[in-house]
Amino acid sequence: MKNCIFCKIIKGEIPSIKVWEDAETYAFMDINPTRPGHMLIIPKKHVDYIFETEEPLFTKLFVNAKKLSKALKSSTGALKIGLAIEGIAVRHVHLHLIPVNNVNDLDPCKSKKGNIEELKQMAEKIRKELKD
Ligand SMILES: [Zn+2]
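A few points on the structure. Just so it is clear, the model here is predicted, and its values are computed rather than measured. (Residues numbered from 1 in each chain as written. Predicted model: local features only at pLDDT ≥ 70, side-chain atom pairs only at ≥ 80, totals over all residues. Heavy atoms only, no water.)

### Topic: helix H3 (residues 116-129)
Next up, step 1: With 14 residues, H3 should cover 20 Å at 1.5 Å per step; its first-to-last C-alpha distance of 20 Å lies within 8% of that length.
Next up, step 2: Of all the positions in H3, only Leu119, Met122, Ala123 and Ile126 are classed as buried. Looking down the long axis of H3, one finds its buried residues gathered within 105° of arc, a one-sided arrangement. Set apart from the buried face of H3 by more than 90 degrees, the exposed residues are Gln121 and Lys128.
Next up, step 3: Next to the buried residues of H3 lie strand S1 (18-21), strand S2 (25-29), strand S3 (39-43) and helix H2 (57-76).
Next up, step 4: One side-chain oxygen of the residue at the start of H3 lies 3.0 Å from the amide nitrogen of Glu117, identifying that residue as Asn115. (Helix = DSSP H or I, 4+ residues; strand = E, 2+ residues; numbered from the N terminus. Expected span 1.5 Å × (residues − 1). Buried < 20%, exposed > 50% of the residue type's maximum accessible area, 1.4 Å probe, protein only. Arc of directions from axis to C-beta. Contact = heavy atoms within 4.5 Å. Polar contact = N/O pair within 3.5 Å; in protein donor to acceptor, adjacent residues only side chain to side chain.)

Structure, rendered in structure tokens:
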């Protein structure tokens, strides 16, 4: 879709720090992380609203989020990985995967600009923990 920042990321028109991808989904670091390790998983196809996402893509997003959450949890040592979906700021379905230790760790007001080198190192760390 034209002018969609995530569609541009998928096409490589806007750079991103990729963690992982398969044929239908793409995972990358959030450049304004709420917590260290904050990443996003998105469908490669433009879909506006999570509950309008058709099967099998809907299930695939959550299956892949689960797979990524394991690697994210072990690489950050977080108590759990939280999941947030709103899709207001960018109208392309995206699941926020955020390492959490406390009740307010998903608060988007806590997000701040990340250091690109640190984000790249984190992506590498998560990738090393990824197993099939
Ligand atoms: Zn899009």
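### Examining the environment of Cys109
Next up, step 1: As for its placement among the helices and strands, Cys109 is situated in the loop between strand S5 (95-100) and H3.
Next up, step 2: Taking the C-alpha atoms as reference, Cys109 lies 25 Å from Asn3; in sequence the two are 106 residues apart.

### Some details on the nonpolar core
Next up, step 1: Of all hydrophobic cores here, the largest spans 25 residues; its most connected members are Val19, Met29, Met39, Ile41, Leu68, Leu97 and Ile126.
Next up, step 2: Contributions of two or more residues to this core are made by S1, S2, S3, H2, S5 and H3.
Next up, step 3: At six residues, H2 tops the list of elements feeding residues into this core.
Next up, step 4: Once residues within four sequence positions are removed from consideration, Ile41 is found in contact with Thr25, Tyr26, Ala27, Leu61, Asn64, Ala65, Leu68, Val93, His94, Leu95 and Leu97. (Core = buried A, V, L, I, M, F, W, Y, C linked by side-chain atoms within 4.5 Å.)

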